[in-house]
Amino acid sequence: MKTRYSPINPRFPHFLHGGDYNPDQWPEEVWAEDMRLMKLANCNAMSVGIFAWTKLEPEEGKYDFGWLDRVMDLLAANGAYAVLATPSGARPAWMSKKYPEVLRVRPERLRNLHGVRHNHCLTSPVYREKVSQINTRLAERYKDHPALLVWHISNEYNGECHCDLCQAAFREWLKKKYENDLDRLNHAWWAAFWSHTYTDWEQIESPSPVGEFLLHGLNLDWKRFCNDQTFSFFLNEIAPLKRLTPDVPVTTNFMGLFPGLNYPKFAEYVDVVSWDSYPVWHTTSSDWRLGAQVGFIHDQNRSMKGGKPFMLMESTPSNTNWQPIPKLKRPGMHLLSSLQAVAHGADTVQYFQWRKSRGSSEKFHGAVVDHVGHEHTRVFRDVAEVGAALQKLDGVIGTSVRPDVAIYLDWENRWAIDDMKGLGNDRRNYPETVIAHYLPFWKRGIPVDVIAEEAEIGGYKLVVAPMLYMLKPGVAERLRAFVAQGGTLVMTYWSGIVDENDLCFLGGWPGGGLREVLGIWDEETDTITAAERNSVAALPGNELGLSGPYEARDYFALIHAEGARVLATFGSDFYAGRPALTVNDFGRGKAFYVASRNDEKFMDDFFGALAGRLGLLRALNADLPDGVTAQLRTDGEKQYVFVMNFNPAPAAVDLGGASWRNLLNGAEVQGRLELQGYGAAVLER
Ligand code: GLA
Ligand code: ZN
């Protein structure tokens, strides 16, 4: 079946390449030079106006769009486009002075002074009104401008406000959620504990280090409320844009695994997902492990809209000054990391920042144009090289991938795991654990979707749900149906323990009916010290052909097989011989339970065995050396396979008899594909 998404904006069916552009910080003489350089760098899209509110509205109600008119005209005259921002991420000082309610209040109930960015109340009617006014004017002014391609809403939304307006809005949110029934709220929060029962809605306050912070149900609902306030703030921002420019897609730049915002939920409100990626290459023992982590986040961004291509809104052309080690990208890495985003579904490669800031806190952040001011720099050449590569990949635009595998990464589950008192507090590592389950697939070039608990799972062959502590309504039922209809499910220790309010399931874990699906009862969980280890011994003749031995650490579920077959057992401690890995036949499918946190060898063997048995879709039918992955984009007919070597040393892949064309250099490839250190090929068939 042929399937291709339309380009982000059908007016421009090519890769967007460019970055955050702040002409408002520079004299106009520089702008013409920017245009010259932009073309030399093979750039075609600039994100403008992100932090330009004071320049746009220097006094309340007094607007100055003249400079932005000239910037927009310049872009259009030079064949380029604007990813035009709304400026709510930072506001003019006059506003904070005149309307202190726009200033954010901290959990300690201390109101911030004016400063930095994202320092606004999410509820303040004044702020929402001011944002709506400026956004309306931007849309009115540029709605027919040829340069306008995408709306960039605010910048990296984050944070929360604890002011009285927010407290009142929180209480209203709770009344709605609990249908005006305080008893329901008290039950959901298990508030009788420590006599925390609320007898009046007015007694409810947001969590605070100087007040209540241990009521997990309150903490969870507060996070959900702050998310909903962010979404409604966003919807208020886009209302005039949707009215005046219904055909211009809106996005807001997400921040990868930033814990504060439930991005899969946020994604429902944007037309196209975009995110900002700032890994620090060359600072860990292995670039390819970091590469796999970044690949995971790209996949997560693609999965949020069911496979629709996303935007790499920001990345650095060289270093990231605020990271602990602002190391420069080594030769090859800029092209590789840019193509990596594309490999996983990006239809843009964009940067922070175009021209390096002259002052303030980002003056040492990587930029396309450095302080030296000309194009004769290593970084500029790297950027131009990426632009030239993207120009050869037009055919990739709108393609995607339909993986056979889905892995859960759920934000609310993460909040609950991070907040609980249990499993110790130094090694819960939920996202890291999910990524450890992703790694074996990355190594084999098996595409993966990264999904939230709410996602539909019917189309997958294999669903992996590590540490699915919280089961929101409907999840257990979906997993049950998935297995019953022939799917393969992998669950682990610390799963099916609480409901959406963080109330423990009674009657034996895993709850929600999963005990029957998995055919096990999880009686108790052991946490051992960071230095201790146990082992997992595969039973002779087990149906996956595992041999082991494997090492296990941190967490151990002491389970009973209730119908499941035992494939491996623990090697030592008082639970030596108890089941460590089980499988249960349920309906037409199988449900595996992994009772401990196991080493990489286990992951490789276990998921390798499943991949073979289930015949999971792979990007390439080839053995990939360590540190090399392959990722697939397709429209159902054309296949684009991105083969990427994250090692500093060269590597080779045997492509077998199939014949491909490497779009980066036009060469026909068959047999052995040689890749330089940090080298990549984009193979078309
Ligand atoms: C974030 C912001 C940008 C800039 C970069 C620097 O992603 O969105 O404005 O501060 O970080 O890395
Ligand atoms: Zn507030």
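What counts as what
- Residues numbered from 1 in each chain as written.
- Chains lettered and ligands numbered in written order.
- Predicted model: local features only at pLDDT ≥ 70, side-chain atom pairs only at ≥ 80, totals over all residues.
- Heavy atoms only, no water.
- Buried < 20%, exposed > 50% of the residue type's maximum accessible area, 1.4 Å probe, protein only.
- Helix = DSSP H or I, 4+ residues; strand = E, 2+ residues; numbered from the N terminus.
- Arc of directions from axis to C-beta.
- Near = heavy atom within 4 Å.
- Polar contact = N/O pair within 3.5 Å; in protein donor to acceptor, adjacent residues only side chain to side chain.
- Areas by Shrake-Rupley, 256 points an atom, 1.4 Å probe, with all protein chains shown as cover.
- 1 Å grid on protein atoms, 1.4 Å probe; cavity = no way out; pocket = protein on both sides within 12 Å on 5 of 7 lines; lining within 4 Å.
- Sits in = over half its atoms within 2 Å of the grid points.
- Nonpolar A, V, L, I, M, F, W, Y, C, P; charged D, E, K, R; others polar.
- Core = buried A, V, L, I, M, F, W, Y, C linked by side-chain atoms within 4.5 Å.
- Contact = heavy atoms within 4.5 Å.
- Phe/Tyr/Trp six-rings, centres within 6.5 Å; stacked < 30°, edge-to-face > 60°.
- Donors = N, O, S within 2.8 Å, 3.2 Å for Na, K, Ca; no water.
- Tetrahedral: all angles 85-135°; square planar, octahedral: opposite > 155°, others 65-115°.
- Pairing = 2+ DSSP bridges.
- Points joined across faces, edges and corners; volume = space filled by probe spheres on them.
- Domains from an automatic or database assignment.

For helix α15 (residues 475-484), the set of buried residues is V475, A476, L479, F482 and V483. For α15, the buried positions fall inside an angular range of 125° around the axis, keeping them on one side.

Turning to the site of ligand 1, a few remarks are in order. With respect to spatial proximity, the complete set of residues near ligand 1 consists of F51, R117, N155, E156, D276, Y278, E314, W322, F352, E362 and H365. In this structure, an oxygen atom belonging to ligand 1 sits 2.8 Å away from a side-chain N or O atom of R117. Between N155 and ligand 1, the recorded distance is 2.8 Å, taken from a side-chain N or O atom to an oxygen atom. Alone, ligand 1 offers 310 Å² of accessible surface; in the complex the protein occludes 97% of this. In a pocket analysis with a 2 Å cut-off to the grid points, ligand 1 is assigned to the largest pocket. Here the shell around ligand 1 is composed, by residue class, of four nonpolar, two polar and five charged.

Turning next to the nonpolar core. The biggest cluster of nonpolar side chains holds 180 residues, and the ones touching the most others in it are L68, W151, W354, F441, L479 and F606. Apart from residues no more than four positions distant in its own chain, F606 is found in contact with V490, L544, L546, L581, F592 and V594. Of all hydrophobic cores here, the second largest spans 19 residues; its members include L624, L632, L673 and L683.

Our focus in this paragraph is the packing of aromatic side chains. The way to describe two aromatic rings as a pair is by their centre distance and the angle between their planes. Counted according to the given criterion, the structure contains 38 aromatic pairs. When the centroid spacing of 6.0 Å and the interplanar angle of 5° are considered together, the rings of W288 and W442 count as stacked. Taken as a pair, W288 in helix α10 (residues 287-303) and W442 in helix α14 (residues 430-444) lie far apart in primary sequence, 154 residues in all. In this pair, the class of W288 matches that of W442, namely buried. Members of the aromatic cluster, joined through ring pairs, are W53, Y127, Y157, F231, F233, F234, F254, Y263, F266, Y269 and W411.

Protein-derived ligands of the zinc ion (ligand 2) are C121 (SG), C161 (SG), C163 (SG) and C166 (SG), with the metal-ligand distances lying across 2.3 Å. In this structure, the zinc ion (ligand 2) is surrounded by four donor atoms whose angles at the metal cover 101 to 116°, and the resulting shape is tetrahedral. Along the chain, the residues donating to the zinc ion (ligand 2) are arranged with the sequence spacing C-x39-C-x1-C-x2-C. Placement of the pair is C121 in the loop between α4 (93-98) and α5 (125-142) and C163 in the loop between β4 (148-152) and α6 (164-177), with a sequence separation of 42 residues. Taking the relative accessible area as the measure of exposure, C121 reaches 0% and is therefore buried.

This next bit is on the pairing of strand β1 (residues 16-21). Working note: regular strand, side chains alternate between the two faces of the sheet. In terms of residue burial, β1 counts as a mostly covered element, since six of its six residues are buried. Inspection of the sheet shows β1 paired to strand β9 (residues 346-351) by four bridges, in the parallel sense. What sits directly across from L16, in β9, is T348. As defined by bridge partners, β1 adjoins strand β2 (residues 45-48) across four bridges and the pair is classed as parallel. Its bridge partner lying in β2, D20 is registered against S47.

What follows is about the layout of surface pockets. Here the largest pocket defines a volume of roughly 1,300 Å³. Looking at the lining of the largest pocket, the elements with two or more residues in it are β7 (274-276), α10, α14, β16 (550-561), β20 (596-598) and α17 (600-614). Take the lining of the largest pocket: its biggest share by element is seven residues, from α14. Here the residues of the lining of the largest pocket sort into 21 nonpolar, 15 polar and 14 charged. Looking at which domains feed residues into the lining of the largest pocket, each of domain 1 (16-164 + 215-396) and domain 2 (405-614) gives three or more.

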